[in-house]
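Examination of the molecular architecture
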Amino acid sequence: MGKGDVKLLGTWPSPYVMRVKIALNLKSVDYEYQEDNLENKSELLLKSNPVYKKIPILLHGGKPICESLIIVQYIDEAWSGIGPSILPSDPYDRAVARFWAAYIDDEFYPARAVNRIVVANGEEAKAAAVKELKDALVLLEEAFLKISGEGKPFFGGDKIGYLDIALGSLLGWLTVTEKTFNVKLFEEATTPRLVSWVDSFCKHPAVKDELPDTHKLSEYAHNVVYPHLKEVAAAAAN
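Residues numbered from 1 in each chain as written. Predicted model: local features only at pLDDT ≥ 70, side-chain atom pairs only at ≥ 80, totals over all residues. Heavy atoms only, no water.

1. Details of the packing of helix 6 (residues 123-148) against helix 9 (residues 192-203)
The interhelical angle for the contact between helix 6 and helix 9, taken along N-to-C directions, is 75°, at an axis separation of 8 Å. Relative to helix 9, the element helix 6 lies roughly perpendicular. The segment helix 6 lies against helix 9, with L137, L140, E141, F144, L145 and S148 engaging P192, R193, L194 and W197. Of the residues contributing to the contact of helix 6 with helix 9, the split by class is seven nonpolar, one polar and two charged. (Axes fitted to C-alpha atoms, helices over the stretch in contact; angles between N-to-C directions. Helix = DSSP H or I, 4+ residues; strand = E, 2+ residues; numbered from the N terminus. Parallel < 35°, antiparallel > 145°, perpendicular 65-115°, else oblique. Contact = heavy atoms within 4.5 Å. Nonpolar A, V, L, I, M, F, W, Y, C, P; charged D, E, K, R; others polar.)

So this is what it looks like as structure tokens:
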């Protein structure tokens with residue numbers, strides 16, 4: 001298929017769009033990218049995802065696929081004979097990968113993870129919110145040790161896999177969180193393998209050109225995301 005047969009609808013700050021881009025890069029799939037405006041959503045977005053009206057949306061031969069992790073799985077299956085496999089071949093290993101991917105989305109969904117800190121009332125509450133994130137990363141450190149294999153750089157072993165994409169796409173937002181609130185989430189003392197993994201992931205050829213600019217992402221967070229979270233929290237409190 002040519003480039004025009006594969007189209008991705010997204011927005012640049014979205015870690016979920018980044019997941020799809022990395023998966024397409026791993027499979028060496030040429031695609032057309034359309035930057036959408038979520039304040040004024042395109043007709044194509046609304047037509048392609050009439051249920052949730054969200055990005056990312058992958059159009060393959062004109063057919064829409066929605067939800068980032070579902071799209072990543074689709075890419076792995078649709079281009080199964082091209083490039084590395086993204087999901088493990090063993091059914092049990094695939095189930096484990098899907099379990100931890102769901103955990104990652106539950107614990108590190110940017111609006112939820114950052115919201116804990118943004119709306120924290122006082123330093124004690126903020127410290128408790130940061131601790132929740134750190135505790136979740138410690139669990140992922142333990143999962144990494146079991147899943148990746150001895151001395152391997154990625155959750156997928158020697159290559160980037162499904163869990164690497166799931167967590168790695170969130171690194172930009174986690175970095176902004178660290179800088180904004182002057183905290184350290186990935187630490188040698190508690191998550192040494194994940195510290196090494198972050199470096200390996202960000203240097204990978206399929207990833208490095210897709211990483212968001214931290215300064216630009218920080219500006220977006222301060223100007224758009226944080227004010228919105230505070231408004232929602234204030235409205236809920238009234």
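2. Concerning the nonpolar core
Ranked by size, the top nonpolar core spans 73 residues in total, and within it F108, L140 and W197 carry the most contacts. Residues within four places of W197 in sequence aside, it is in contact with F144, P153, F154, F155, D164, L167, G168 and L171. (Core = buried A, V, L, I, M, F, W, Y, C linked by side-chain atoms within 4.5 Å. Buried < 20%, exposed > 50% of the residue type's maximum accessible area, 1.4 Å probe, protein only.)

3. Some thoughts on the side chain of D164
Looking at where D164 falls in the secondary structure, it is placed in helix 7 (residues 162-168). As a buried residue without a salt bridge, D164 has its nearest oppositely charged side chain in K159, at a separation of 7.8 Å. Among the polar contacts listed, one links the side chain of D164 to the side chain of W197, at a separation of 2.7 Å. The residues touching D164, leaving out its near neighbours within four places in the chain, are F154, F155, G156, K159, S169, W197 and F201. (Lys, Arg positive; Asp, Glu negative; His and termini not counted. Salt bridge = Lys/Arg side-chain N within 4 Å of Asp/Glu carboxyl O. Polar contact = N/O pair within 3.5 Å; in protein donor to acceptor, adjacent residues only side chain to side chain.)

4. Some remarks on the sheet that holds strand 1 (residues 6-10)
If you trace the four strands from one edge of the open sheet to the other, you get 2-1-3-4, paired in mixed fashion. The open sheet is flanked by strand 2 (32-35) and strand 4 (63-66), the only strands paired with a single partner. Put simply, the sheet's adjacent strands are angled 20° from each other on average, direction ignored. Across the sheet, helix 1 (residues 15-26) touches strand 1, strand 2 and strand 3 (57-60), and the angle it forms with strand 1 is around 155°. (Pairing = 2+ DSSP bridges.)

5. Regarding the pattern of salt bridges
Following the criterion strictly, the structure yields nine salt bridges and no others. Ionic pairing is found between E187 and K134, a salt bridge with its closest N-O pair at 3.7 Å. With E187 in the loop between helix 8 (171-181) and helix 9 and K134 in helix 6, this residue pair connects regions lying 53 residues apart in the sequence. Since its relative accessible area comes to 27%, E187 is described here as partly exposed.

6. Considerations on the side chain of K21
Topologically, K21 is positioned in helix 1. Within the buried core, K21 has no salt-bridge partner, and the shortest N-O distance to an opposite charge, that of E210, equals 4.1 Å. Residues in contact with K21, not counting those within four places in the same chain, are L8, Y31, Y33 and E210.

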